[in-house]
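Here is how the chains run, residue by residue.
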Amino acid sequence: MRNLSRLKEIVQQGPADVIIGKNGLSEGVLKEIDRRLKEKGVVKVKALRTAVKVTGLDRRELARRVAEKLGARLLDVRGRTFVLYRPQPRRERPQPAGRNKIRSVRERNVAGRSARWSRR
């Protein structure tokens, strides 16, 4: 929980990543927020006054709806600006083929010598 509060502080200091305009919660806006959540894990969203009027929801309910639709966690609501968080899935790093092969000193020297001579 301590890391989330630190993350929220960092995001709150910068400008909004996505702005919800007079078209309200359109597919394009939701896709952009989703893309940013996949990239960063945290997104700061600002809703304009017209967006709040068009949707007919108050600012907190709008933030809850966006979080619910995207499967994210609502961290903070300040005015018409809110912060969403979705943890990024852990990825397994693939092992490069042939890179971790253990070779003897002699094999390394021979391979290095042949590579040097072939470049000349």
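Before reading on, note that the structure itself is shown above.
Worth saying up front: this structure is predicted, and the values here are computed from it rather than measured.

(A) Examining the pairing of strand β4 (residues 81-85) more closely. Of all five residues that make up β4, four are buried, and the element is covered over most of its length. Note that strand β2 (residues 42-47) and β4 share five bridges and pair antiparallel. Along β4, the bridge assignment pairs K46 with T81. Pairing between strand β3 (residues 73-78) and β4: five bridges, direction antiparallel. The residue of β4 that forms the bridge with L74 is L84. Counting the residues in the hairpin turn of β3 and β4 gives two residues, including G79, whose phi is positive at 65 degrees.

(B) Spatial organisation of the sheet that holds β4. Overall, mixed pairing links the four strands, which are arranged β1-β2-β4-β3 in an open sheet. For this open sheet the edge positions go to β1 (18-20) and β3, each flanked by a neighbour on one side alone. Across the sheet, the mean angle separating the axes of adjacent strands is 25 degrees when strand polarity is ignored.

(C) Structural detail: the pairing of β2. Burial runs high along β2: five of the six residues are buried. Of the strand pairs in this sheet, β1 and β2 are connected by three bridges, and their pairing is parallel. When the sheet's bridge partners are listed, I19 is paired in β2 with K46. Read as a crossover between parallel neighbours, the route from β1 over helix α2 (residues 27-40) to β2 is right-handed.

(D) Seen up close, helix α4 (residues 59-70). With 12 residues, α4 should cover 16 Å at 1.5 Å per step; its first-to-last C-alpha distance of 17 Å lies within 8% of that length. Buried within α4 we find L62, A63, V66, A67 and L70. For α4, the angular spread of buried residues about the axis comes to 130 degrees, placing them on one side. Of the exposed residues in α4, the ones pointing more than 90 degrees away from its buried face are E68 and K69. Close packing links the buried residues of α4 with β1, α2, β2, α3 (49-55), β3 and β4. Downstream of α4 by one or two residues, G71 has phi in the positive range, about 65 degrees.

About the criteria used
- Starting from 1, residues in each chain are numbered consecutively following that chain's sequence as written.
- Only residues with pLDDT of at least 70 are given local features in this predicted model, and only at 80 or more are side-chain atom pairs given and counted; all residues enter the totals for whole chains, interfaces and linings.
- To obtain the side-chain values, all non-hydrogen atoms of the structure were used and water was disregarded.
- The buried label applies to any residue whose accessible area, calculated with a 1.4 Å probe on protein chains only, is under 20% of its type's maximum; exposed applies above 50%, and partly exposed to all values in between.
- Under the scheme used here, helices are H or I runs from DSSP no shorter than 4 residues and strands are E runs no shorter than 2 residues, and both carry numbers assigned from the N terminus.
- We treat two strands as partners when DSSP finds at least two bridges between them.
- Think of each axis as a best-fit line through the C-alpha atoms, taken over the contacting stretch in the case of a helix, with angles from 0 to 180 degrees between the N-to-C directions.
- A right-handed crossover is one whose linking path, passing over the helix from the first strand to the second, runs clockwise when the strands point away from the viewer.
- In this scheme, a helix's expected span is set at 1.5 Å multiplied by one less than its residue total.
- Regarding the arc, it is the one traced by the directions from the helix axis to the C-beta atoms.
- By the convention used here, residues are in contact when the closest approach between their heavy atoms is within 4.5 Å.

Function-wise, these values are silent; they only describe arrangement.
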